[in-house]
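What follows is each chain in one-letter form.
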Amino acid sequence: QVQLVESGGGLVQAGGSLRLSCAASGRTFSSYIMGWFRQAPGKEREFVAAISRSSITYYADSVKGRFTISRDNAKNTVYLQMNNLKPEDTAEYYCAAQKNLAYYSDPRHVEYWGKGTLVTVSS
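Rules of the game
- Residues numbered from 1 in each chain as written.
- Predicted model: local features only at pLDDT ≥ 70, side-chain atom pairs only at ≥ 80, totals over all residues.
- Heavy atoms only, no water.
- Disulfide = S-S within 2.5 Å.
- Helix = DSSP H or I, 4+ residues; strand = E, 2+ residues; numbered from the N terminus.
- Buried < 20%, exposed > 50% of the residue type's maximum accessible area, 1.4 Å probe, protein only.
- Pairing = 2+ DSSP bridges.
- Contact = heavy atoms within 4.5 Å.
- 1 Å grid on protein atoms, 1.4 Å probe; cavity = no way out; pocket = protein on both sides within 12 Å on 5 of 7 lines; lining within 4 Å.
- Points joined across faces, edges and corners; volume = space filled by probe spheres on them.
- Core = buried A, V, L, I, M, F, W, Y, C linked by side-chain atoms within 4.5 Å.
- Phe/Tyr/Trp six-rings, centres within 6.5 Å; stacked < 30°, edge-to-face > 60°.

Visitor: Outline the state of the cysteines, listing residues and values.
Guide: Tallying each qualifying case throughout the model produces 1 disulfide. Here cysteine 22 connects covalently by a disulfide to cysteine 95, the sulfurs 2.1 Å from one another. Here cysteine 22 and cysteine 95 share a disulfide; its torsion about the S-S bond, -85 degrees, makes the bridge left-handed. Placement of the pair is cysteine 22 in strand β3 (residues 18-24) and cysteine 95 in strand β9 (residues 91-98), with a sequence separation of 73 residues. The residues cysteine 22 and cysteine 95 share a single accessibility class, namely buried.

So this is what it looks like as structure tokens:
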């Protein structure tokens, strides 16, 4: 069992930055592919970024060059640094853990979800 707790969301102006954190419980954190998904009101949950066990990173086209995912296995934590934020980045952001790298962007294969943290970007 893995529990995920996100933090770092908030209100920011367009062009600003936020860093999300996700703290994971358990001693098997390093064995999971960690990711971030987001869901805007009235829309489906979508992939944002993922990081493999060996720290290879993957990004949605919409955030590439603006967001950076990283992990610290010693602290059981994954981060999402978000720069140059846009109003369309407004959403609830969810931390995710799974073990199948082939499906890193598919929310249906996520084994564990956090409860989310809200990011609001004003124009």
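Visitor: Describe the pairing of strand β11 (residues 117-122), with residues and values.
Guide: Side chains Thr117, Val119 and Val121 project from β11 onto a buried face, and the interleaved Leu118, Thr120 and Ser122 project onto a face without burial. Across 4 bridges, the pairing between strand β2 (residues 10-13) and β11 is parallel. Within β11, the position partnered with glutamine 13 by the bridge is serine 122. When β9 meets β11, the two strands line up antiparallel, connected through 3 bridges. Opposite tyrosine 93, over in β11, you have threonine 117 as the bridge partner.

Visitor: Quick one: what's the story with the environment of arginine 66, residue by residue and with numbers?
Guide: Following the sequence through the fold, arginine 66 ends up in the loop between β6 (57-59) and β7 (67-72). Owing to a relative accessible area of 10%, arginine 66 belongs among the buried residues under this scheme. Dropping the residues within four chain positions of it, arginine 66 is found in contact with Gln81, Met82, Asn83, Asn84, Leu85, Lys86 and Asp89.

Visitor: Pulling in residues and values, what's your account of empty space enclosed by the protein?
Guide: Scanning the entire structure with this criterion turns up 1 cavity of 30 Å³ or more. Size it by volume and the largest cavity reaches roughly 40 Å³. Lining the largest cavity we find Ile33, Met34, Gly35, Phe37, Ala50, Ala96, Ala97, Gln98, Tyr104 and Val110. Looking at the lining of the largest cavity, the elements that each hand over two or more residues are β4 (33-39) and β9.

Visitor: For the pairing of strand β5 (residues 46-51), give the residues involved together with the corresponding values.
Guide: Among the 6 residues that make up β5, 5 are buried, leaving the element largely enclosed by the rest of the structure. In the sheet, β4 pairs with β5 via 5 bridges, with the strands oriented antiparallel. Each residue of the ladder has a partner; that of tryptophan 36, found in β5, is alanine 49. Between β4 and β5, which follow one another and run antiparallel, lie 6 residues, and glycine 42 among them has a positive phi close to 80 degrees.

Visitor: Lay out the nonpolar core in plain terms, naming residues and giving numbers.
Guide: In this structure, Leu4, Met34, Trp36, Val78, Leu80, Met82 and Tyr93 are the most contacted members of the largest nonpolar core, which totals 35 residues. Put simply, the parts of the chain that give this core at least two residues each are β3, β4, β5, β7, β8 (77-82), β9 and β11. When near neighbours in sequence (up to four residues on either side) are disregarded, leucine 80 contacts Leu18, Arg19, Leu20, Trp36, Val48, Ala49, Phe67, Thr68, Ile69 and Tyr93.

Visitor: Describe the packing of aromatic side chains, with residues and values.
Guide: A complete count under the given rule lists 6 aromatic pairs for this structure. With 5.2 Å between their ring centres and 70 degrees between their planes, phenylalanine 37 and tryptophan 113 make a pair best called edge-to-face. Of this pair, phenylalanine 37 sits in strand β4 while tryptophan 113 sits in strand β10 (residues 112-113); the two residues are 76 residues apart in sequence, bridging distant segments of the chain. Residue tryptophan 113 is classed as partly exposed on the basis of its relative accessible area of 30%. Seen in terms of ring centroids, phenylalanine 47 and tyrosine 104 are 5.4 Å apart; in terms of plane orientation they differ by 65 degrees. Their pairing is edge-to-face. Here tyrosine 104 lies in the loop between β9 and β10 and phenylalanine 47 lies in strand β5, a separation of 57 residues in the sequence. The exposure class of phenylalanine 47 is buried, given its relative accessible area of 13%.

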